[in-house]
Amino acid sequence: MNKNISRLVNIAQKETRLIIGLMSGTSLDGLDIALCEISGSGFYTKLSVQKFITIKYDEEFKKEIREIFSRVNISLQKLCLLNEWIGLKHASLVNECLQKWDIKNNSIDLIASHGQTIYHSPKSHHQQEKFGNATLQIGDGDHIAVTTGIITISDFRQKNIAAGAEGAPLVVYGDQLLFSKKGEDRILLNIGGIANFTYLPGSLISEEILCTDVGPGNTLMDAYMQQQFPGKHYDEGSAIAKKGTVHTGLLKTLKDNPFFSLDFPRTTGPELFDLQYLQKAIEKSGAAALSVEDTMRTLNKFSADIIVEAILKVVEKKASVQLYCSGGGIHNPLLIGQIKDQLPNCTLHTTESLGMNPDAKEAVLFAVLANECICGDPGVFGNGTNKIPAVSMGKISFPG
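Residues numbered from 1 in each chain as written. Predicted model: local features only at pLDDT ≥ 70, side-chain atom pairs only at ≥ 80, totals over all residues. Heavy atoms only, no water.

Caption draft 1: Local environment of the pattern of salt bridges. By the definition in use, this model includes 15 salt bridges. Put simply, Asp-305 and Lys-255 hold a salt bridge, and the shortest N to O gap is 2.8 Å. With Asp-305 in helix α11 (residues 292–315) and Lys-255 in helix α9 (residues 248–255), this pair connects stretches of sequence that are 50 residues apart. The exposure class assigned to Lys-255 is partly exposed, which follows from its relative accessible area of 25%. (Salt bridge = Lys/Arg side-chain N within 4 Å of Asp/Glu carboxyl O. Helix = DSSP H or I, 4+ residues; strand = E, 2+ residues; numbered from the N terminus. Buried < 20%, exposed > 50% of the residue type's maximum accessible area, 1.4 Å probe, protein only.)

Caption draft 2: Representation of the state of the cysteines within the structure. Applying the stated criterion across every chain, the model contains zero disulfides. Free cysteine: Cys-36, not disulfide-bonded; nearest cysteine sulfur from Cys-97 at 13 Å. Under the relative-accessibility criterion, Cys-36 is labelled buried at 0%. (Disulfide = S-S within 2.5 Å.)

Caption draft 3: Region of interest: the side chain of Gln-322. With respect to the helices and strands, Gln-322 occurs in strand β10 (residues 321–326). At 2.6 Å, the side chain of Gln-322 forms a polar contact with the side chain of His-349. Not counting the four nearest positions on each side in its chain, Gln-322 is found in contact with Glu-184, Asp-185, Arg-186, Ile-187, Thr-347 and His-349. (Polar contact = N/O pair within 3.5 Å; in protein donor to acceptor, adjacent residues only side chain to side chain. Contact = heavy atoms within 4.5 Å.)

Caption draft 4: The arrangement of the sheet that holds strand β11 (residues 346–350) in detail. The strand order across the open sheet built from five strands is β9-β8-β7-β10-β11, with neighbouring strands paired in mixed fashion. Since the sheet does not close on itself, it has two edges, and those belong to β9 (210–216) and β11, each with one partner. Across the sheet, the mean angle separating the axes of adjacent strands is 20° when strand polarity is ignored. Inspection of the sheet shows β10 paired to β11 by five bridges, in the parallel sense. By the bridge assignment for β11, Leu-323 is matched with Leu-348. Docked against the sheet, helix α7 (residues 171–179) engages β7 (186–191), β8 (194–200) and β9, running at close to 40° with respect to β8. Packed on one face of the sheet, helix α12 (residues 333–342) meets β7, β10 and β11 and runs near 155° to β7. (Pairing = 2+ DSSP bridges. Axes fitted to C-alpha atoms, helices over the stretch in contact; angles between N-to-C directions.)

Caption draft 5: Highlighting the packing of aromatic side chains. Summed over the entire model, instances satisfying the criterion amount to 10 aromatic pairs. Ring plane angle 35° and centroid distance 4.2 Å describe the contact between Tyr-57 and Phe-61, whose orientation is recorded as tilted. Phe-61 shares its class with Tyr-57; the two are buried. Consider the rings of Phe-197 and Phe-264, whose centres lie 6.2 Å apart with planes at 90°: the pair is edge-to-face. Taken together, the positions of Phe-197 in strand β8 and Phe-264 in the loop between α9 and α10 (275–284) put the pair 67 residues apart, joining distant regions of the chain. (Phe/Tyr/Trp six-rings, centres within 6.5 Å; stacked < 30°, edge-to-face > 60°.)

Caption draft 6: Representation of the side chain of Gln-338. Following the sequence through the fold, Gln-338 ends up in helix α12. Gln-338 sits in the buried class, given a relative accessible area of 11%. Polar contacts involving the side chain of Gln-338 include one to the side chain of Asn-300, which spans 2.7 Å. Beyond its immediate chain neighbours, meaning those up to four positions away, Gln-338 contacts Asn-300, Lys-301 and Ala-304.

Caption draft 7: Structural context of helix α5 (residues 141–148). Residues of α5 that are buried include every one of Gly-141, Ile-144, Ala-145 and Thr-148, and no others. For α5, the arc enclosing every buried residue in end-on projection is 95°, short of the 170-degree limit, so these residues lie on one face. Residues of α5 that are buried sit in contact with α3 (76–100), β4 (110–121), β6 (152–154) and β12 (395–397). Capping the start of α5, Asp-140 holds a side-chain oxygen 3.2 Å from the backbone nitrogen of Asp-142, two or three residues further along. Remark: Gly-149 follows α5 within two positions and exhibits a positive phi of approximately 80°. (Arc of directions from axis to C-beta.)

Take it as geometry only, folks, not as evidence of what the structure does.
Put into structure tokens, the structure is as follows:
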């Protein structure tokens, strides 16, 4: 037997596994690194986060990614070079963390790498009949495995698409295993660049679970801040938005997009909701003279409204629902306040109430997916209802 296959079998048979989850989102803030101790699999999964850190990307790294990120026309040479370069960069950051934590690389069983999304193109967006749903994440898993010496699971989204879904959001798999609770209807809301949520019914019936993208979370607000205030990456503390007033015409125009009429589940990305989208809405609504503060307040309200409207479609007939938030948007007090005010039947928490650092959640959930890839039975995820195919996801890269 190939020694790497033998090693993988031994990992699968261990009582507990140490798995590093890596997440780099569309906001390009940095790399989330979560060291998780995991035992069991499926609904018997037990997880403890041993270490967590977000390492901010430097401006050079962001500049290189932005040359190809969410762009229709790019340099194929740059794409080719960055696939390797990002993998090496992520591997280097893992090595640095392990050294800082005084943990030997050979004590880590697996790395789960989401990679860097550079383009997400569901059929509802590209609307080309002969092509299906598509998405692309780069940051090659083989380079991570060889550079760290750790078996790496990566490129999770492709199997999801191959099985008939749209490649996102994948958080539903981890949410179902870690956070379902009998007798309690739950919404797990993640506000990243794009906002998404998982609905977990208290009935625990897999076929009732739903996970969908909502639309822009932070992406338009962050892009506009970066345009207006070079060097600032987001509206810290909602300081700019709090000074403004909502422009109802612009708000209405921002909401006027066929995406918001699509059935759940649906997916999207910055490919649709970008600064060009905002500029067209400004021109159409006659808001060209709008102040930066008023524009930010309107964008904040836009994100809050579409999140609320999507959640209400799922929970409007529920007497009470527990809403657990995660992602960068939880640090936007105006956004969170508006969501809370418009959902009186939902009790709002962060995932800290569930014992999960809300900033670490996505990286942790990819560690769970890697554990399922090696140890799990995809049958626990039901029968594929609501475009949640019961599959094992991830490609396996060996160090040698």
